[in-house]
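A look at the structure
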Amino acid sequence: MAGLLFDLAGKVAVVTGGNGGIGLGMARGLAAAGAAVVIAGRNEAKSNAAAADLRQSGAKAISVVADVTDKSAVAAMVERTVREFGRIDILVNNAGINIRKPPHSLDIAEWDSVIRTNLTSAFLCSQAVYPAMKAAGGGKIINIGSMMSIFGAGFAPAYAASKGGIVQFTRSCAVAWAGDNIQVNAVLPGWIDTDLTKRARQEIAGLHDKVLARTPAARWGEIADFAGIAVFLSSSASDFVTGTAIPVDGGFSVMG
Ligand code: NDP
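Quick look at the structure, then.

The next point concerns the overall build of the protein. Each helix and strand in the protein was counted, giving nine helices and seven strands. For a compact globule of 256 residues, the expected C-alpha radius of gyration is about 18 Å, and the protein comes in at 17 Å, within 12% of that figure. When burial is assessed residue by residue, the protein has 51% of its 256 residues classed as buried. For the protein, the centre of its 23 positive side-chain charges and the centre of its 20 negative side-chain charges are spaced 1 Å apart.

Let us now look at the pattern of salt bridges. In this structure the tally under the stated criterion is 11 salt bridges. The closest approach of N and O atoms between Asp180 and Lys134, which form a salt bridge, is 3.2 Å. Pair noted here: Asp180 is in the loop between helix 6 (157-177) and strand 6 (182-189) and Lys134 is in helix 5 (residues 108-136), with a separation of 46 residues, a long-range link.

Sheet architecture is open: seven strands sit in the order 3-2-1-4-5-6-7, paired in parallel fashion. This sheet does not close on itself; its edge strands, each paired only once, are strand 3 (61-65) and strand 7 (245-248). Sheet twist, expressed as the average angle between the axes of neighbouring strands with direction ignored, equals 20 degrees. Here helix 5 sits on the sheet and contacts strand 1 (12-16), strand 4 (90-93), strand 5 (139-144) and strand 6; the angle it forms with strand 4, its principal contact strand, is near 180 degrees. Sitting on the sheet, helix 9 (residues 227-234) touches strand 4, strand 5, strand 6 and strand 7, and the angle it makes with strand 5 is about 145 degrees.

Moving on: the site of the ligand. In the vicinity of the ligand there are 29 residues, among which Asn19, Arg42, Asn43, Tyr159 and Thr194 approach most closely. One of the backbone nitrogen or oxygen atoms of Gly96 is found 3.5 Å away from an oxygen atom of the ligand. Between an oxygen atom of the ligand and a side-chain N or O atom of Thr194, the distance comes to 2.6 Å. When the ligand is considered free in solution it has 880 Å² of accessible area, and contact with the protein chains removes 93% of it. Broken down by secondary-structure element, the contributors of at least two residues to the shell around the ligand are helix 2 (21-32), helix 6 and helix 7 (195-203). Tallying contributions element by element places helix 7 first for the shell around the ligand, with three residues. The class makeup of the residues in the shell around the ligand is 11 nonpolar, 14 polar and four charged.

Following both chains from N to C, one finds helix 4 (residues 71-85) and helix 5 inclined at 35 degrees, their axes separated by 9 Å at the closest point. Helix 5 is crossed by helix 4, and the crossing has right-handed handedness. Taken together, the residues of helix 5 that come into contact with helix 4 (itself represented by Lys71, Val74, Met77, Val78 and Val82) are Leu124, Cys125, Gln127, Ala128, Val129 and Ala132. Taken together, the residues of the contact of helix 4 with helix 5 break down into nine nonpolar, one polar and one charged.

Right, let's talk about the packing of aromatic side chains for a bit. Applying the stated criterion to the full structure yields four aromatic pairs. A ring pair is formed by Phe123 and Phe169, whose centres lie 6.4 Å apart and whose planes are at 80 degrees; its orientation type is edge-to-face. Taken together, the residues Phe123 in helix 5 and Phe169 in helix 6 connect sequence positions 46 residues apart. Residue Phe123 is classed as partly exposed on the basis of its relative accessible area, which comes to 37%.

Glancing now at the pairing of strand 1. With respect to burial, strand 1 is a largely interior element, five of its five residues being buried. Because side chains alternate across strand 1, one face comprises the buried residues Val12, Val14 and Thr16, and the other comprises Ala13 and Val15, equally buried. Considered for its hand, the β-α-β crossover made up of strand 1, helix 2 and strand 2 (residues 36-41) is right-handed. Bridge analysis of strand 1 against strand 4 gives three bridges, and the strand direction is parallel. Bridge pairing in strand 4 places Ala13 opposite Ile90.

Rules and cut-offs
Residues numbered from 1 in each chain as written. Predicted model: local features only at pLDDT ≥ 70, side-chain atom pairs only at ≥ 80, totals over all residues. Heavy atoms only, no water. Helix = DSSP H or I, 4+ residues; strand = E, 2+ residues; numbered from the N terminus. Rg over C-alpha atoms; globule rule 2.2 N^0.38 Å. Buried < 20%, exposed > 50% of the residue type's maximum accessible area, 1.4 Å probe, protein only. Lys, Arg positive; Asp, Glu negative; His and termini not counted. Charge placed at Lys NZ, Arg CZ, Asp CG, Glu CD. Salt bridge = Lys/Arg side-chain N within 4 Å of Asp/Glu carboxyl O. Pairing = 2+ DSSP bridges. Axes fitted to C-alpha atoms, helices over the stretch in contact; angles between N-to-C directions. Contact = heavy atoms within 4.5 Å. Near = heavy atom within 4 Å. Polar contact = N/O pair within 3.5 Å; in protein donor to acceptor, adjacent residues only side chain to side chain. Areas by Shrake-Rupley, 256 points an atom, 1.4 Å probe, with all protein chains shown as cover. Nonpolar A, V, L, I, M, F, W, Y, C, P; charged D, E, K, R; others polar. Left-handed = near helix turned anticlockwise from the far one by under 90°. Phe/Tyr/Trp six-rings, centres within 6.5 Å; stacked < 30°, edge-to-face > 60°. Right-handed = clockwise from strand over helix to strand, strands pointing away.

Structural data, given as structure tokens:
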């Protein structure tokens, strides 16, 4: 029973920013559960390496160079996926960046860049996969939020705005597309050890220890922590779960 509930054999997943960090952790989970995976990112070498890594474990995987802020690149990514694998069942909107500055120092180009990469991209990709999911009789969309979907961030206002927005966009798509059997959920990572946070730890003194002290699980998250939630939200196990925002944070968000 459990095997069938979580089986993704025959399913096709697109993971934006799947060439490293949390996206790669999710891609590995989806591939291990049987899905064919399309890794999308701007860095061709890194994306090729991630797809090769998945193929080496026996999965079907390709990489596509795509800037998810660019509508025509997103259309090409979807077209290539359908040409290669014939369908799209799962979309993980994971690509993201941060620019750490307080609101009074952030310029409009920086604001636009963060909002476009973290939030507008989810709109572009979700809209682009919708026809293929509808044609397949349903689908699963997973959007990546953050603890800053919940808390304010004085050092990252555009990031927090984008991640708050992603939760409301998730709820809106969940409502709009429930009748098409498309479930749309958000995952809110706590503090996870990736390239993104390596830079944060260099820039913010004491961050490493502050996170440890504030996290009930008393550790930073690993990218492998995202395999299970990706499989759950992509499989029939979650067919009645939609519009949620699920923290994967070792208890960070419930610590008083
Ligand atoms: P990484 O920096 O390791 O990964 C970010 C990924 O996004 C890369 O694969 C990058 O690929 C891709 N990307 C960035 N911009 C674009 C773009 N314009 N087009 C296509 N791909 C793009 O960071 P994380 O794994 O940490 O972050 C992944 C997601 O998780 C982000 O949305 C982030 O905000 C979120 N998150 C992370 C947390 C953490 O603690 N690490 C906490 C909460 C949320 P490429 O450079 O090849 O384009």
